[in-house]
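# Summary of the model geometry
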Amino acid sequence: MRREGDQSIVLHWDRNRDSNLSGYRVYRSLSSEGPFAVQNQSLLTSPGFCDLNVSNGQTNFYRITAWTSTSQESLPSATVTAAPHPFADDDEFLEYVQQTSFDYFWYGANPVNGLVPDRSSAGSACSIAAVGFGLTAIGIGVDHHWISRAQGAERVRTTLSTFLQGPQGPNATGTIGYRGWFYHFLDMNTALRANAELSSIDTALLLAGVLYAKQYFDGTNTDEAAIRTTADLIFNRVDWNWMARGTDAVCMGWLPTTAFKLLTTGRGITKG
């Protein structure tokens, strides 16, 4: 996938699922025949590349390779052709911004479990808030025809299944959440707690995306019906009273090794 903007080209490709993957390298040429010069000395860990060193009207040719942890390089991808150009108007610029923002949530996610990284830096954990934003982005992507409705529904089903089926419990390791709430950060591959708090704020942002997906995918087919059923199960499982601790406001969060976290002081109180 390529996006062509004013003196900029953004590339995205499907994530390589090789368990031995170390990263990607991007090559560029001004001729389809080459020679192709490497554009990133350090391997990219996410399937995307932004090239700002390009001139409007100049056709550029790109190839991408995948590298293993033993420094074995794959054969190059098919050549991608792109030519940047000035934006015709504000609408075209805004469309470009929306497209590239959507691409982060679509191509940056782990397609196996639907988790979205907190940031694009190497080794970033998943942020459940980013997953919530990503679920909302899927509907936007469908409306703009960047992906098909079937593609969007499949990704949403995968994501919701991860959060419904992930193990819940009070243990400090090996769980995705507790009492229906979820940990702020999760391992991108295992979908288990990554040294973070059980977050009421970020769970709420995740749930907003879950409920949006439930409303958006309102079709009668099996996939969309399953999305609505799973969304209800995730939402209705949340133990709001436990996080409120007998008050009229939920706590900021909870840690399995200490206690609840207060919004004002961050100090722990009685462990639940």
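These notes cover the structure that comes with them. (Residues numbered from 1 in each chain as written. Predicted model: local features only at pLDDT ≥ 70, side-chain atom pairs only at ≥ 80, totals over all residues. Heavy atoms only, no water.)

## So, the side chain of R25
- Relative to the assigned elements, R25 resides in strand β3 (residues 21–29).
- Buried R25, no salt bridge; nearest opposite-charge side chain is E73, N-O distance 5.8 Å.
- A polar atom in the side chain of R25 sits 2.7 Å from the backbone oxygen of Q41.
- Residues contacting R25, with those up to four places away along its chain left out, are V38, N40, Q41, S42, L43, R63, I64, T65 and W67. (Helix = DSSP H or I, 4+ residues; strand = E, 2+ residues; numbered from the N terminus. Buried < 20%, exposed > 50% of the residue type's maximum accessible area, 1.4 Å probe, protein only. Lys, Arg positive; Asp, Glu negative; His and termini not counted. Salt bridge = Lys/Arg side-chain N within 4 Å of Asp/Glu carboxyl O. Polar contact = N/O pair within 3.5 Å; in protein donor to acceptor, adjacent residues only side chain to side chain. Contact = heavy atoms within 4.5 Å.)

## Examining the packing of helix α2 (residues 128–143) against helix α4 (residues 200–216)
- Orientation of α2 relative to α4, taken along the N-to-C sense of each, is 25°, at an axis distance of 6 Å. Between α2 and α4, the angle is such that the two are roughly parallel. Regarding α2 and α4, the two cross each other, and that crossing is left-handed. Of the residues in α4, those in contact with I128, A129, V131, G132, F133, L135, T136, G139, I140, V142 and D143 of α2 are D202, T203, L205, L206, G209, V210, Y212 and Y216.
- The class makeup of the residues in the contact of α2 with α4 is 12 nonpolar, 5 polar and 2 charged. (Axes fitted to C-alpha atoms, helices over the stretch in contact; angles between N-to-C directions. Parallel < 35°, antiparallel > 145°, perpendicular 65-115°, else oblique. Left-handed = near helix turned anticlockwise from the far one by under 90°. Nonpolar A, V, L, I, M, F, W, Y, C, P; charged D, E, K, R; others polar.)

## Quick word on the pairing of β3
- For β3, a buried count of 7 out of 9 residues is recorded, marking the element as mostly surrounded by other parts of the structure.
- Examined bridge by bridge, β3 and strand β4 (residues 37–38) share 2 bridges and lie antiparallel to one another. Of the residues in β4, the one forming a bridge with Y27 is V38. (Pairing = 2+ DSSP bridges.)

## Here we look at the pattern of salt bridges
- Inspection of the entire model under this criterion finds 9 salt bridges.
- Between D51 and R28 there is a salt bridge whose closest N-O contact spans 2.8 Å. In this pair, D51 sits in strand β5 (residues 48–51) while R28 sits in strand β3, placing the two residues 23 residues apart along the sequence.
- By relative accessible area, which is 3% here, D51 ends up buried.
- When the shortest N-O distance is used, the salt bridge between R179 and D239 registers 3.1 Å. Linking R179 in the loop between β9 (177–178) and β10 (181–182) with D239 in the loop between α5 (222–237) and α6 (240–244), this pair joins segments that are 60 residues apart in sequence.
- For D239, a relative accessible area of 24% corresponds to the partly exposed category.
- The network of salt bridges with shared partners includes R149, D218 and E224.

## Let's talk about the sheet that holds β4
- Strand order in the open sheet formed by 4 strands is β4-β3-β6-β7, with antiparallel pairing between adjacent strands. Edge positions in the sheet fall to β4 and β7 (80–82), since each has one partner strand and no second.

## A look at the packing of helix α3 (residues 149–165) against α5
- Where α3 meets α5, the axes come as close as 9 Å, and the angle between the chain directions of the two elements is 30°. By the angle between their directions, the pair α3 and α5 is classed as roughly parallel. Both α3 and α5 take part in a crossing whose hand is left-handed. Here α3 contributes R149, A153, V156, R157, L160, S161, F163 and L164 to the contact with α5, which in turn contributes T222, D223, E224, A226, I227, T230, A231, L233, I234 and R237.
- Partitioned by chemical class, the residues of the contact of α3 with α5 number 10 nonpolar, 3 polar and 5 charged.

## Some thoughts on the side chain of T175
- Structurally, the position occupied by T175 is in the loop between α3 and β9.
- Excluding its chain neighbours within four sequence positions, the residues that come into contact with T175 are P167, Q168, G169, Y183, L192 and R193.

## Regarding the packing of aromatic side chains
- Using the criterion set out here, one finds 14 aromatic pairs in the structure.
- Between F87 and Y96, the ring centres sit 5.2 Å apart and the planes meet at 55°, which makes this aromatic pair tilted.
- Looking at F87, the relative accessible area reads 22%, which means it is partly exposed.
- Here Y96 falls in the buried class, since its relative accessible area comes to 10%.
- Centre to centre, the rings of F235 and W240 are 6.1 Å apart; their planes meet at 55°, and the pair counts as tilted.
- Joined through ring pairs, the aromatic side chains of F87, F93 and Y96 make up one cluster.
- Against the face of W106 rests R155, its NZ or CZ located 4.0 Å from the ring centre.
- For R193, the ring lying beneath its charged end belongs to Y183, and the centroid distance is 5.1 Å. (Phe/Tyr/Trp six-rings, centres within 6.5 Å; stacked < 30°, edge-to-face > 60°. Lys NZ or Arg CZ within 6 Å of the ring centre and 35° of its normal.)

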